[in-house]
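Below are the chains, spelled out letter by letter.
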Amino acid sequence: MLRISQALVDQIVQHARADHPDEACGVIAGPVGSDRPERFIPMVNAARSPTFYEFDSGDLLRLYRDMDDRDEEPVVIYHSHTATEAFPSRTDVALASEPGAHYVLVSTRETGQQTGPYELRSYRIVGGEVREEPIEVSDLQTFGS
Amino acid sequence: MAVEVRVPTILREFTGGEKSVSAQGATLQGIIEDLDANYPGIGGRLVEDGGLRRFVNVYLNDEDVRFLDGLDTAIADADAITILPAVAGGAVARP
(Lines give C-alpha, C1' and ligand atoms only; values in the text may rest on other atoms or scores of the structure.)
Protein backbone atom coordinates (compact mmCIF):
# COMPACT_ATOMS: atom_id res chain seq x y z
CA MET A 1 0.00 0.00 0.00
CA LEU A 2 1.25 3.43 -0.98
CA ARG A 3 -0.19 6.33 1.02
CA ILE A 4 0.41 9.62 -0.72
CA SER A 5 -1.18 13.07 -0.81
CA GLN A 6 -3.13 14.32 -3.78
CA ALA A 7 -0.73 17.27 -4.00
CA LEU A 8 2.22 14.90 -4.58
CA VAL A 9 0.26 12.85 -7.10
CA ASP A 10 -0.53 16.07 -8.94
CA GLN A 11 3.16 17.04 -8.99
CA ILE A 12 4.12 13.68 -10.52
CA VAL A 13 1.45 14.03 -13.20
CA GLN A 14 2.39 17.64 -13.96
CA HIS A 15 6.05 16.69 -14.34
CA ALA A 16 5.16 13.77 -16.63
CA ARG A 17 2.97 16.02 -18.80
CA ALA A 18 5.59 18.75 -18.99
CA ASP A 19 8.28 16.35 -20.22
CA HIS A 20 6.04 14.36 -22.59
CA PRO A 21 6.94 12.79 -25.05
CA ASP A 22 10.19 12.15 -23.16
CA GLU A 23 10.03 10.10 -19.99
CA ALA A 24 10.01 12.11 -16.76
CA CYS A 25 11.56 10.81 -13.55
CA GLY A 26 12.11 11.76 -9.94
CA VAL A 27 11.98 10.86 -6.28
CA ILE A 28 9.76 11.63 -3.33
CA ALA A 29 11.92 11.44 -0.23
CA GLY A 30 10.69 10.85 3.30
CA PRO A 31 12.10 10.25 6.78
CA VAL A 32 14.06 6.97 7.03
CA GLY A 33 11.76 4.14 8.08
CA SER A 34 8.59 6.26 7.91
CA ASP A 35 7.24 5.07 4.54
CA ARG A 36 5.88 8.62 4.17
CA PRO A 37 6.55 10.36 0.84
CA GLU A 38 7.02 14.05 1.67
CA ARG A 39 9.68 15.92 -0.34
CA PHE A 40 9.11 16.04 -4.09
CA ILE A 41 12.36 16.04 -6.09
CA PRO A 42 11.92 16.12 -9.87
CA MET A 43 15.07 14.88 -11.61
CA VAL A 44 16.43 15.55 -15.08
CA ASN A 45 16.18 12.58 -17.41
CA ALA A 46 19.79 12.52 -18.62
CA ALA A 47 18.75 10.16 -21.43
CA ARG A 48 16.17 12.71 -22.73
CA SER A 49 14.37 9.85 -24.38
CA PRO A 50 10.76 8.75 -24.96
CA THR A 51 11.73 5.18 -24.08
CA PHE A 52 14.41 5.44 -21.39
CA TYR A 53 15.24 7.39 -18.28
CA GLU A 54 18.34 7.71 -16.18
CA PHE A 55 19.30 10.17 -13.45
CA ASP A 56 22.47 12.08 -14.30
CA SER A 57 25.29 10.52 -12.27
CA GLY A 58 26.33 13.82 -10.65
CA ASP A 59 22.71 14.62 -9.76
CA LEU A 60 22.37 11.12 -8.30
CA LEU A 61 25.31 11.62 -5.93
CA ARG A 62 24.00 15.02 -4.79
CA LEU A 63 20.51 13.57 -4.29
CA TYR A 64 21.70 10.72 -2.08
CA ARG A 65 24.04 12.95 -0.06
CA ASP A 66 21.24 15.42 0.47
CA MET A 67 18.86 12.67 1.61
CA ASP A 68 21.57 11.28 3.92
CA ASP A 69 22.08 14.70 5.50
CA ARG A 70 18.33 14.98 6.13
CA ASP A 71 17.93 11.38 7.37
CA GLU A 72 15.72 10.65 4.39
CA GLU A 73 15.39 7.81 1.95
CA PRO A 74 13.70 7.49 -1.46
CA VAL A 75 10.15 6.48 -0.48
CA VAL A 76 8.83 6.85 -4.03
CA ILE A 77 10.78 6.56 -7.29
CA TYR A 78 8.57 7.65 -10.18
CA HIS A 79 8.82 7.77 -13.92
CA SER A 80 6.51 8.09 -16.87
CA HIS A 81 5.78 5.90 -19.83
CA THR A 82 4.71 8.06 -22.73
CA ALA A 83 3.47 5.50 -25.27
CA THR A 84 2.73 2.44 -23.16
CA GLU A 85 0.79 1.53 -20.02
CA ALA A 86 1.89 2.35 -16.49
CA PHE A 87 3.37 -1.09 -15.90
CA PRO A 88 7.06 -1.85 -15.27
CA SER A 89 8.94 -2.96 -18.36
CA ARG A 90 11.60 -5.65 -18.31
CA THR A 91 14.15 -2.83 -18.23
CA ASP A 92 12.43 -1.23 -15.24
CA VAL A 93 12.50 -4.52 -13.37
CA ALA A 94 16.09 -5.37 -14.28
CA LEU A 95 17.37 -1.98 -13.13
CA ALA A 96 15.24 -1.48 -10.01
CA SER A 97 17.71 -1.18 -7.15
CA GLU A 98 15.79 0.24 -4.20
CA PRO A 99 13.95 -2.71 -2.65
CA GLY A 100 12.35 -0.45 -0.03
CA ALA A 101 10.90 2.04 -2.50
CA HIS A 102 7.47 2.33 -4.07
CA TYR A 103 7.97 2.43 -7.83
CA VAL A 104 5.27 4.72 -9.22
CA LEU A 105 4.56 4.73 -12.95
CA VAL A 106 2.35 7.22 -14.73
CA SER A 107 1.32 6.91 -18.35
CA THR A 108 0.77 9.97 -20.49
CA ARG A 109 -0.04 8.00 -23.64
CA GLU A 110 -3.72 9.06 -23.68
CA THR A 111 -3.38 12.80 -23.23
CA GLY A 112 0.26 13.76 -23.76
CA GLN A 113 0.86 17.26 -22.41
CA GLN A 114 -2.88 17.95 -22.05
CA THR A 115 -4.96 17.58 -18.92
CA GLY A 116 -7.39 14.70 -18.70
CA PRO A 117 -7.55 11.23 -17.26
CA TYR A 118 -4.26 9.55 -16.49
CA GLU A 119 -3.07 6.16 -15.35
CA LEU A 120 -0.92 6.10 -12.20
CA ARG A 121 0.02 2.84 -10.48
CA SER A 122 2.44 1.73 -7.78
CA TYR A 123 4.64 -1.34 -7.50
CA ARG A 124 7.19 -3.02 -5.32
CA ILE A 125 10.08 -4.42 -7.32
CA VAL A 126 12.29 -6.75 -5.31
CA GLY A 127 14.73 -9.33 -6.66
CA GLY A 128 13.21 -9.22 -10.13
CA GLU A 129 9.65 -9.73 -8.84
CA VAL A 130 6.97 -7.11 -9.50
CA ARG A 131 4.01 -6.74 -7.17
CA GLU A 132 1.37 -4.08 -7.76
CA GLU A 133 -0.01 -2.42 -4.64
CA PRO A 134 -3.02 -0.24 -3.91
CA ILE A 135 -2.65 3.52 -3.66
CA GLU A 136 -4.46 5.45 -0.95
CA VAL A 137 -4.63 9.15 -1.72
CA SER A 138 -4.83 10.94 1.57
CA ASP A 139 -7.35 13.68 0.89
CA LEU A 140 -10.03 11.64 -0.86
CA GLN A 141 -9.99 13.43 -4.19
CA THR A 142 -10.52 11.12 -7.10
CA PHE A 143 -7.97 10.60 -9.85
CA GLY A 144 -8.22 12.57 -13.05
CA SER A 145 -8.09 16.31 -13.39
CA MET B 1 45.89 2.55 2.77
CA ALA B 2 42.36 2.18 4.03
CA VAL B 3 39.51 4.23 2.67
CA GLU B 4 35.84 4.46 3.52
CA VAL B 5 33.40 2.92 1.05
CA ARG B 6 29.72 3.89 1.20
CA VAL B 7 27.56 0.89 0.32
CA PRO B 8 24.05 1.30 -1.14
CA THR B 9 21.04 -0.45 0.41
CA ILE B 10 20.87 -3.15 -2.25
CA LEU B 11 24.47 -4.27 -1.60
CA ARG B 12 24.25 -4.27 2.19
CA GLU B 13 23.21 -7.92 2.06
CA PHE B 14 26.91 -8.54 1.46
CA THR B 15 28.19 -6.31 4.26
CA GLY B 16 25.98 -7.58 7.06
CA GLY B 17 23.85 -4.45 6.78
CA GLU B 18 26.75 -2.02 7.14
CA LYS B 19 26.28 1.28 5.27
CA SER B 20 29.95 2.04 5.28
CA VAL B 21 32.95 -0.30 5.25
CA SER B 22 36.71 0.05 5.07
CA ALA B 23 38.76 -1.26 2.16
CA GLN B 24 42.38 -1.16 1.05
CA GLY B 25 43.95 -0.70 -2.34
CA ALA B 26 46.04 1.62 -4.48
CA THR B 27 43.47 1.68 -7.28
CA LEU B 28 39.72 1.22 -7.49
CA GLN B 29 40.39 -2.26 -8.90
CA GLY B 30 42.37 -3.08 -5.76
CA ILE B 31 39.65 -1.67 -3.53
CA ILE B 32 37.00 -3.81 -5.21
CA GLU B 33 39.18 -6.93 -4.94
CA ASP B 34 39.67 -6.22 -1.24
CA LEU B 35 35.93 -5.69 -0.78
CA ASP B 36 35.20 -8.97 -2.52
CA ALA B 37 37.72 -10.80 -0.32
CA ASN B 38 35.97 -9.52 2.81
CA TYR B 39 32.40 -9.56 1.47
CA PRO B 40 32.32 -12.42 -1.04
CA GLY B 41 30.06 -11.77 -4.02
CA ILE B 42 30.04 -7.99 -3.88
CA GLY B 43 32.71 -7.68 -6.57
CA GLY B 44 30.55 -9.40 -9.17
CA ARG B 45 27.81 -6.85 -8.56
CA LEU B 46 30.20 -4.04 -9.43
CA VAL B 47 32.38 -5.42 -12.21
CA GLU B 48 31.57 -7.34 -15.36
CA ASP B 49 33.87 -8.36 -18.20
CA GLY B 50 36.76 -6.44 -16.69
CA GLY B 51 34.93 -3.12 -16.44
CA LEU B 52 32.47 -1.39 -14.16
CA ARG B 53 28.90 -2.48 -14.74
CA ARG B 54 26.98 -0.03 -16.89
CA PHE B 55 24.32 0.71 -14.27
CA VAL B 56 26.59 0.99 -11.24
CA ASN B 57 28.05 4.38 -10.41
CA VAL B 58 31.21 4.63 -8.34
CA TYR B 59 32.42 7.99 -7.11
CA LEU B 60 35.84 8.97 -5.82
CA ASN B 61 34.98 11.82 -3.49
CA ASP B 62 32.72 13.96 -5.73
CA GLU B 63 33.69 12.55 -9.11
CA ASP B 64 32.20 9.67 -11.09
CA VAL B 65 35.17 7.38 -11.77
CA ARG B 66 34.04 7.11 -15.41
CA PHE B 67 35.35 10.65 -15.74
CA LEU B 68 38.62 9.62 -14.06
CA ASP B 69 40.40 6.39 -14.93
CA GLY B 70 37.63 3.89 -14.23
CA LEU B 71 38.93 0.81 -12.40
CA ASP B 72 42.49 2.16 -12.76
CA THR B 73 41.65 5.31 -10.80
CA ALA B 74 44.35 5.88 -8.16
CA ILE B 75 43.14 5.94 -4.55
CA ALA B 76 44.87 7.98 -1.86
CA ASP B 77 44.60 8.27 1.90
CA ALA B 78 41.56 10.20 3.07
CA ASP B 79 39.70 9.51 -0.17
CA ALA B 80 36.11 8.38 0.14
CA ILE B 81 34.35 6.07 -2.27
CA THR B 82 30.60 6.01 -2.80
CA ILE B 83 28.76 3.28 -4.70
CA LEU B 84 25.29 4.08 -6.05
CA PRO B 85 23.23 1.98 -8.43
CA ALA B 86 21.89 3.99 -11.35
CA VAL B 87 18.27 5.05 -11.09
CA ALA B 88 17.17 4.13 -14.57
CA GLY B 89 14.63 2.23 -16.62
CA GLY B 90 12.27 2.82 -19.44
CA ALA B 91 9.52 1.56 -21.62
CA VAL B 92 11.83 -0.49 -23.79
CA ALA B 93 15.38 -1.75 -23.59
CA ARG B 94 17.92 0.85 -24.54
CA PRO B 95 19.04 0.39 -28.15
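Structure shown above.
Rules used in this analysis
- Residues numbered from 1 in each chain as written.
- Chains lettered and ligands numbered in written order.
- Predicted model: local features only at pLDDT ≥ 70, side-chain atom pairs only at ≥ 80, totals over all residues.
- Heavy atoms only, no water.
- Helix = DSSP H or I, 4+ residues; strand = E, 2+ residues; numbered from the N terminus.
- Rg over C-alpha atoms; globule rule 2.2 N^0.38 Å.
- Buried < 20%, exposed > 50% of the residue type's maximum accessible area, 1.4 Å probe, protein only.
- Contact = heavy atoms within 4.5 Å.
- Areas by Shrake-Rupley, 256 points an atom, 1.4 Å probe, with all protein chains shown as cover.
- Lys, Arg positive; Asp, Glu negative; His and termini not counted.
- Charge placed at Lys NZ, Arg CZ, Asp CG, Glu CD.
- Salt bridge = Lys/Arg side-chain N within 4 Å of Asp/Glu carboxyl O.
- Pairing = 2+ DSSP bridges.
- Axes fitted to C-alpha atoms, helices over the stretch in contact; angles between N-to-C directions.
- Buried area = accessible area lost by both parts, 1.4 Å probe.
- Polar contact = N/O pair within 3.5 Å; in protein donor to acceptor, adjacent residues only side chain to side chain.
- Expected span 1.5 Å × (residues − 1).

K.L.:
Go over the overall build of chain B with me, naming the residues and quoting the values.
P.N.:
Along chain B, the regular secondary structure elements total one helix and eight strands. Counting from the amino terminus, helix and strand elements in chain B follow one another as β-β-α-β-β-β-β-β-β. Rg of the C-alpha trace for chain B: 13 Å, near the compact-globule value of 12 Å for 95 residues, within the 12% margin. Considering only C-alpha atoms, chain B reaches an extent of 45 × 30 × 25 Å along its principal axes. A buried classification covers 45% of the 95 residues belonging to chain B. Counting only contacts in chain B whose residues sit at least 6 apart along the sequence, the fraction spanning at least 24 positions is 48%. Accessible area of chain B: about 4,600 Å², with a carbon and sulfur share of 49%. Averaging the locations of the 8 positively and 15 negatively charged side chains of chain B gives two centres separated by 11 Å.

K.L.:
Account for the environment of Ala88(B), naming residues and giving values.
P.N.:
With respect to the element layout, Ala88(B) can be found in strand β8 (residues 88-89). With 83 residues separating them in the primary sequence, Ala88(B) and Val5(B) have C-alpha atoms 23 Å apart. In this view, Ala88(B) contacts Phe52(A), Tyr53(A), Glu54(A), Leu95(A) and Phe55(B); residues no more than four positions away in its chain are not counted.

K.L.:
So what's going on with the pattern of salt bridges? Residues and values would help.
P.N.:
Following the criterion strictly, the structure yields 17 salt bridges over all chains and no others. Taking the shortest distance from any N to any O, the salt bridge between Asp68(A) and Arg6(B) comes out at 2.4 Å. Highlighted residues: Asp68(A) in helix α2 (residues 57-69) and Arg6(B) in strand β1 (residues 2-6), drawn from two different chains. With relative accessibility at 34%, the residue Asp68(A) sits in the partly exposed group. We note a salt bridge from Glu85(A) to Arg121(A), for which the minimum N-O separation is 3.5 Å. Here Arg121(A) lies in strand β7 (residues 119-126) and Glu85(A) lies in the loop between β5 (72-81) and α3 (90-95), a separation of 36 residues in the sequence. A relative accessible area of 37% means that Glu85(A) is categorised as partly exposed. Linked through salt bridges whose partners overlap, the residues forming this network are Arg39(A), Asp66(A), Arg70(A) and Glu72(A).

K.L.:
Which residues make up the sheet that holds strand β6 (residues 102-107) of chain A, and what values do they have?
P.N.:
Residues and elements named next belong to chain A. The strand order across the open sheet formed by six strands is β3-β2-β5-β6-β7-β8, and the pairing between neighbours is mixed. Across the chains shown, the open sheet's two edge strands, defined by having one partner strand only, are β3 (39-43) and β8 (129-133). Taken pair by pair, the neighbouring strands of this sheet meet at an average axis angle of 30°, ignoring direction. Bridge count for strand β2 (residues 25-31) against β3 is five bridges, and the pairing is antiparallel.

K.L.:
Now, about the interface of chain A and chain B: what can you tell me, with residues and values included?
P.N.:
Many descriptions give the size of an interface as the accessible area lost when the pieces come together. With 25 residues of chain A at the contact, the number on the chain B side is 23 residues. Of all residues in chain A, Glu54(A), Leu61(A) and Leu95(A) give up the largest surface area on contact with chain B, accounting jointly for 23% of the area buried on that side. Taken together, the connections running from chain A to chain B amount to three salt bridges. Between chain A and chain B we count 13 residue pairs in polar contact (both at pLDDT 80 or more) in total. Elements with a minimum of two residues in the side of chain A that touches chain B: β4 (53-54), α2, β5 and α3 of chain A. By residue number, the principal contributor to the side of chain A that touches chain B is α2(A), which donates six residues.

K.L.:
Can you explain the sheet that holds strand β7 (residues 80-85) of chain B? Please cite residues and give values.
P.N.:
Reading across from one edge, β2-β1-β7-β5-β6 (chain B) is the order of the five strands in this open sheet, with mixed pairing throughout. Edge positions in the open sheet fall to β2 (20-24) and β6 (63-64) of chain B, since each of these has one partner strand only. Strand direction decides the pairing type here: β1(B) and β2(B), joined by five bridges, are antiparallel. By the bridge assignment, Glu4(B) is partnered in β2(B) with Ser22(B). In the packing of α2(A) onto the sheet, contacts are made with β1, β5 (56-60), β6 and β7 of chain B, and the angle to β7(B) comes to roughly 105°. Across the sheet, helix α1 (residues 28-38) of chain B is in contact with β1, β2, β5 and β7 of chain B; its angle to β2(B) comes to roughly 115°.

K.L.:
An account of helix α1 (residues 6-19) of chain A is needed here, citing residue identities and associated values.
P.N.:
If you check α1(A), its first and last C-alpha atoms are 20 Å apart, about what 14 residues at 1.5 Å a residue would give, namely 20 Å. Here α1(A) has its buried residues at Gln6(A), Leu8(A), Val9(A), Ile12(A), Val13(A), His15(A), Ala16(A) and Arg17(A).

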